[in-house]
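Next come the chains, spelled out residue by residue.
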Amino acid sequence: MNRSFHKSQTLRFYDCSAVEVKSKFGAEFRRFSLDRQKPGKFEDFYNLVVHTHHISNTDVTIGYADVHGDLLPINNDDNFCKAVSSANPLLRVFIQKREFFDNCMRRVKLLPRGRPLAQRLQLVSQWCH
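A few points on the structure. Nothing here was measured: the structure is a model prediction, and the numbers come from that model.

**Focus on helix α3 (residues 77-86)**
No. 1: Every buried residue of α3 is listed here: F80, A83 and V84. Viewed along the axis of α3, the buried residues span an arc of 95 degrees, placing them on a single side of the element. The exposed residues of α3 that point more than 90 degrees off its buried face are D78 and K82.
No. 2: N-cap assignment for α3: the residue whose side-chain oxygen lies 3.1 Å from the backbone N of D78 is N76.

Structure below.
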């Protein structure tokens, strides 16, 4: 995992193996990058996310929006690698306090799949805060 925090714009021009991550917790957004070929372990990613958002003492669940706009969990090494490999060009990460995540997932599953991706992502963002 790339622990050095580079400006995303610089990475876009110089390092094609980098994945830009845009994480959201409440109303706060943070950006950082990961190495696409060696993203690291889920536990390291989790610690990086909570450190970046200054929420080390909060029990959170991490999810991401896939290419169809579905909110999927990142809770183990396999899910984390799948999220990083599917990022094109940006990995959108949603961080939730654990008690709110289950309720959000139930609501997202009710969304009809025919809605455009941008609309699904907007609804996920509104519901899951």
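Having seen it, we continue.
**Let's talk about the environment of D44**
No. 1: Tracing the chain through its elements places D44 in helix α2 (residues 42-52).
No. 2: With 33 residues separating them along the chain, D44 and D77 place their C-alpha atoms 9.9 Å apart.

**Observations concerning the sheet that holds strand β4 (residues 71-74)**
No. 1: Reading across the sheet, the 5 strands line up as β2-β1-β5-β3-β4 and stay open at both edges, with mixed pairing between neighbours. One side of each edge strand has no neighbouring strand; the edge strands of this open sheet are β2 (28-35) and β4. When the angles between neighbouring strand axes are averaged without regard to direction, this sheet yields 35 degrees.
No. 2: For strand β3 (residues 60-65) and β4, the ladder comprises 4 bridges, and the chain directions are antiparallel. Residue pairing for β4: G63 is matched across the bridge by P73.
No. 3: Across the sheet, α2 is in contact with β2, β3, β4 and β5 (90-97); its angle to β2 comes to roughly 145 degrees.

Rules behind the numbers
Throughout, residues of each chain are indexed from 1 in the direction in which the sequence is written. pLDDT decides what is reported in this predicted model: residues at 70 or higher carry local features, side-chain atom pairs at 80 or more are listed and counted, and totals for whole chains, interfaces and linings draw on all residues regardless. Each side-chain value is derived from all of the structure's non-hydrogen atoms; neither hydrogens nor water enter the calculation. Relative accessibility decides the category of a residue: with a 1.4 Å probe and only protein chains considered, values under 20% of the type maximum give buried, values over 50% give exposed, and everything between is partly exposed. In DSSP terms, a helix is any run of H or I states spanning at least four residues, a strand is any run of E spanning at least two, and both are numbered starting from the N terminus. Note that the arc is computed from the directions linking the helix axis to the C-beta atoms. Two N or O atoms form a polar contact when they lie within 3.5 Å of each other; inside protein one atom must be a possible hydrogen donor and the other a possible acceptor, and for residues adjacent in sequence the pair counts only when both atoms belong to side chains. Note on pairing: DSSP must find at least two bridges between two strands before they are called paired. Where helices are involved, their axes are fitted lines through C-alpha atoms of the stretch in contact, as for all axes, and angles between N-to-C directions lie from 0 to 180°. Residues count as neighbours in contact if any of their non-hydrogen atoms are within 4.5 Å of one another.

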